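Coordinate analysis (summary)
Each chain, letter by letter, is given below.
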Amino acid sequence: MPCQAHAAAATFTATANQPLSFGTLVVSCSGSRTIAPDGTSTSTGILPLGDSISGPAQFTMTYTHASGLFLFYFLQIQVTMPSANSVTTNGVQGTISNFTTDLPGMASLQPGQTGTATVTNCFSPTCTIVFHVGGTLNVTSGNQGAQLVFPLQLVATVTQVLG
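Predicted model only: the values in this text are computed from it and were never measured. (Residues numbered from 1 in each chain as written. Predicted model: local features only at pLDDT ≥ 70, side-chain atom pairs only at ≥ 80, totals over all residues. Heavy atoms only, no water.)

All told, the structure shown has one disulfide when counted by the stated rule. Linked covalently through their sulfurs, C122 and C127 form a disulfide whose S-S length is 2.1 Å. Across the S-S bond of C122 and C127 the torsion is about -65°, and the bridge reads as left-handed. Look at C127 and you get buried, because its relative accessible area is 4%. (Disulfide = S-S within 2.5 Å. Buried < 20%, exposed > 50% of the residue type's maximum accessible area, 1.4 Å probe, protein only.)

Looking now at the nonpolar core. Counting 36 residues, the largest nonpolar core has L75, I129 and L152 as the members making the most contacts within it. For this core, the element with the highest residue contribution is strand β10 (residues 126-140), accounting for six residues. If sequence neighbours within four positions are ignored, I129 has contacts with F59, T60, M61, L75, I77, L103 and V119. (Core = buried A, V, L, I, M, F, W, Y, C linked by side-chain atoms within 4.5 Å. Helix = DSSP H or I, 4+ residues; strand = E, 2+ residues; numbered from the N terminus. Contact = heavy atoms within 4.5 Å.)

This part covers the sheet that holds strand β9 (residues 114-122). Read from one edge to the other, the open sheet built from three strands follows the order β9-β6-β12, with strand pairing classed as antiparallel. Both edges of this open sheet fall to β9 and β12 (155-162), since each of them pairs with a single strand only. If you compare each strand with its neighbour and ignore which way they point, the axes differ by 25° on average. (Pairing = 2+ DSSP bridges. Axes fitted to C-alpha atoms, helices over the stretch in contact; angles between N-to-C directions.)

A word on the environment of F150. Position of F150 among the secondary structure elements: in strand β11 (residues 144-150). The exposure class of F150 is buried, given its relative accessible area of 3%. Not counting the four nearest positions on each side in its chain, F150 is found in contact with P19, L20, F22, N85, S86, V87, G94, I96 and L137.

The residue S32 is located in strand β2 (residues 20-35) in this model. Of the residues examined, S32 reaches a relative accessible area of 18% and is grouped as buried. A sequence separation of 47 residues divides S32 from V79, and the C-alpha atoms of the two residues are 26 Å apart. Beyond its immediate chain neighbours, meaning those up to four positions away, S32 contacts T42, S43, T44, I46, T136, L137 and N138.

Attention now goes to a nonpolar patch on the surface. A contiguous nonpolar patch, built from L71, F72 and F123 and spanning about 360 Å² of accessible area, is present on the exposed surface. Looking at where F72 falls in the secondary structure, it is placed in the loop between β5 (57-64) and β6 (73-80). Taking the relative accessible area as the measure of exposure, F72 reaches 35% and is therefore partly exposed. (Patch = residues over 30% accessible without salt bridge, like charges linked within 9 Å, V, L, I, M, F, W, Y side chains within 5 Å. Areas by Shrake-Rupley, 256 points an atom, 1.4 Å probe, with all protein chains shown as cover. Salt bridge = Lys/Arg side-chain N within 4 Å of Asp/Glu carboxyl O.)

Listed below in structure tokens is the structure:
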């Protein structure tokens, strides 16, 4: 009886590598701070402390094509972000809004909405996509300082492989 090779099934994983961090900040009454997907930040009514670390959330999605079936291919991936909770730390209350991303084909990603990203640079059996999510933090406080970090969750599914 001849040996038959069995093709490995395609696999997909999505991993949260780092949370969305607005750093350590002081606010006298209310204000906002925006962290962009590229890590740049702007603040209104907030004093970020010099030693604080801020940055966008980072995610990695890895798709491995079924064995024997790889060439150049495109992926369509549906991404949904469940609602992000507000946080109160040391008397500072923060709520996130206006999420933005550098995921190809998606400029924004709002809680509860599903977006579709198309990844076009898959040239090997395993395609890895690293992307970032930023947002705007709206804070209120009574002259307090706090470090505000939001672990974000995403639900991602490969909906189509083309090529």
